[in-house]
Amino acid sequence: MPGSVVALPPIDIPGHEASGLGSDLHPMRIMTRRAAGLHPSGWDRSARAEVAAVFDSLAPDWHTRTSPEREAVVRDALERGLPADRPTGACLELGSGIGAYTPLLAERWSRVVAVDLALEMLRRAPADAGLRVLGDGARLPLADGSLDAVVLINAFLFPREVHRLLGPRGVVVWVNSSGTETPIHLPAEDVATALPGGWTGVKSEAGAGTWCVMTREV
């Protein structure tokens with residue numbers, strides 16, 4: 001059964017504008033649905049290689065895509081979306097890129113493992129913000145039930161791996177900093193549908209961005 005998602009009131013973020021890059025035909029939008037098991041092609045070796053090559057090439061200029069307004073979208077998801085009584089041990093930041101948001105996660109979880117498929121992204125990430133790992137989110141060298149959170153900020157969702165890795169009352173934080181115009185985008189309802197098992201969640205809009213936080217039912 002798909003998880004239930006409750007909508008919270010939107011908030012305004014002055015000066016925040018969508019990128020205007022995303023559409024249902026964008027290659028990364030299609031890859032997003034493939035990773036989440038919502039596209040017949042699925043995720044395979046060729047998809048992994050294509051995505052790694054794209055983001056390796058984008059890495060030198062990736063810092064130009066960060067801004068205080070985009071950070072505010074992430075902060076809102078963490079502040080309004082996370083349950084107050086959540087476990088605060090280990091967090092996986094999947095698709096961590098150059099590490100722009102890793103320090104925000106380190107404020108809320110005692111350990112952050114930051115994983116990216118693109119080596120050039122990881123080369124540009126600060127060494128003191130989270131444990132940096134080169135890896136494919138579809139198969140990670142982490143133990144079953146070892147995580148309290150999986151955070152995906154404009155990153156691919158691999159539902160089966162998330163299901164395997166999260167422990168009781170674990171949370172999934174899904175952020176699209178440009179909302180429906182984010183190339184790597186899924187509506188909250190699709191996130192809830194893709195995740196195996198029982199979940200409850202909240203969603204909202206923050207400026208031009210959208211987010212949802214799903215909590216695993218015990």
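Before reading on, note that the structure itself is shown above.
An account of the accompanying structure is given in this report. Since the structure is predicted, the reported quantities are computational estimates derived from the model, not experimental observations. (Residues numbered from 1 in each chain as written. Predicted model: local features only at pLDDT ≥ 70, side-chain atom pairs only at ≥ 80, totals over all residues. Heavy atoms only, no water.)

1. Thoughts on the overall build of the protein
For step 1, the next point in the chain: Of regular secondary structure, the protein possesses 7 helices and 8 strands.
For step 2, the next point in the chain: In summary, the protein has a C-alpha radius of gyration of 16 Å against a globular reference of 17 Å for 218 residues, a match within 12%.
For step 3, the next point in the chain: On the principal axes, the C-alpha backbone points of the protein span a range of 40 × 40 × 40 Å.
For step 4, the next point in the chain: When the 218 residues of the protein are sorted by exposure, 49% land in the buried category.
For step 5, the next point in the chain: Across the protein, contacts joining residues at least 24 apart in sequence account for 63% of those joining residues at least 6 apart.
For step 6, the next point in the chain: Carbon and sulfur atoms provide 54% of the accessible area of the protein, an area that totals close to 9900 Å².
For step 7, the next point in the chain: Taken as two groups, the 21 positive and 26 negative side-chain charges of the protein have centres that lie 6 Å from each other. (Helix = DSSP H or I, 4+ residues; strand = E, 2+ residues; numbered from the N terminus. Rg over C-alpha atoms; globule rule 2.2 N^0.38 Å. Buried < 20%, exposed > 50% of the residue type's maximum accessible area, 1.4 Å probe, protein only. Contact = heavy atoms within 4.5 Å. Areas by Shrake-Rupley, 256 points an atom, 1.4 Å probe, with all protein chains shown as cover. Lys, Arg positive; Asp, Glu negative; His and termini not counted. Charge placed at Lys NZ, Arg CZ, Asp CG, Glu CD.)

2. Some words on helix α3 (residues 68-81)
For step 1, the next point in the chain: With 14 residues, α3 extends 19 Å from end C-alpha to end C-alpha; this agrees with the ideal 20 Å at 1.5 Å per step.
For step 2, the next point in the chain: Burial in α3 covers these residues: Arg70, Val73, Val74, Asp76, Ala77, Leu78 and Gly81.
For step 3, the next point in the chain: On its buried face, α3 sits against α4 (102-106), β5 (147-153), β6 (166-176), β7 (199-206) and β8 (209-216). (Expected span 1.5 Å × (residues − 1).)

3. Let's talk about the sheet that holds strand β3 (residues 111-116)
The pairing of strands in a sheet happens through backbone hydrogen bonds and is either parallel or antiparallel.
For step 1, the next point in the chain: Strand order in the open sheet made by the 8 strands is β1-β7-β8-β6-β5-β2-β3-β4, with mixed pairing throughout. Edge positions in the sheet fall to β1 (4-7) and β4 (131-134), since each has one partner strand and no second. For this sheet, the mean inter-axis angle between neighbouring strands, taken without regard to orientation, is 20°.
For step 2, the next point in the chain: As judged from the 4 bridges shared by β3 and β4, these two strands associate in the parallel manner. Bridge assignment links Ala114 to a residue of β4, and that residue is Arg132. (Pairing = 2+ DSSP bridges. Axes fitted to C-alpha atoms, helices over the stretch in contact; angles between N-to-C directions.)

4. What to know about the state of the cysteines
For step 1, the next point in the chain: Within the structure shown, the criterion is met by 0 disulfides.
For step 2, the next point in the chain: Considering cysteine sulfurs only, Cys212 is the nearest to Cys91, which forms no disulfide, with 15 Å between them.
For step 3, the next point in the chain: The exposure class of Cys91 is buried, given its relative accessible area of 0%.
For step 4, the next point in the chain: Residue Cys212 is classed as buried on the basis of its relative accessible area, which comes to 1%. (Disulfide = S-S within 2.5 Å.)

5. Details of the pairing of strand β2 (residues 90-94)
For step 1, the next point in the chain: Most of β2 sits inside the fold, with 5 of its 5 residues counted as buried.
For step 2, the next point in the chain: Of the two faces of β2, the one lined by Ala90, Leu92 and Leu94 and the one lined by Cys91 and Glu93 are each fully buried.
For step 3, the next point in the chain: The pairing of β2 with β5 spans 4 bridges and is classified as parallel. In the strand pairing of β5, Leu92 is matched with Val150.

6. Section: helix α2 (residues 45-58)
For step 1, the next point in the chain: If you check α2, its first and last C-alpha atoms are 20 Å apart, about what 14 residues at 1.5 Å a residue would give, namely 20 Å.
For step 2, the next point in the chain: Among the residues making up α2, those that are buried are Ala47, Val51, Ala52 and Phe55. Down the axis of α2, the buried set is contained in an arc of 125°. They therefore lie on one face. Summarising the geometry of α2, the exposed residues directed more than 90 degrees from the buried face are Arg45 and Ser57.
For step 3, the next point in the chain: Residues of α2 that are buried sit in contact with α1 (27-35) and α5 (119-123). (Arc of directions from axis to C-beta.)

7. Here we look at the side chain of Glu161
For step 1, the next point in the chain: Residue position: Glu161 is located in helix α6 (residues 159-165).
For step 2, the next point in the chain: Judged by relative accessible area, Glu161 falls into the buried class, the value being 9%.
For step 3, the next point in the chain: Separated by 2.7 Å, the side chain of Glu161 and the backbone nitrogen of Leu140 make a polar contact. (Polar contact = N/O pair within 3.5 Å; in protein donor to acceptor, adjacent residues only side chain to side chain.)

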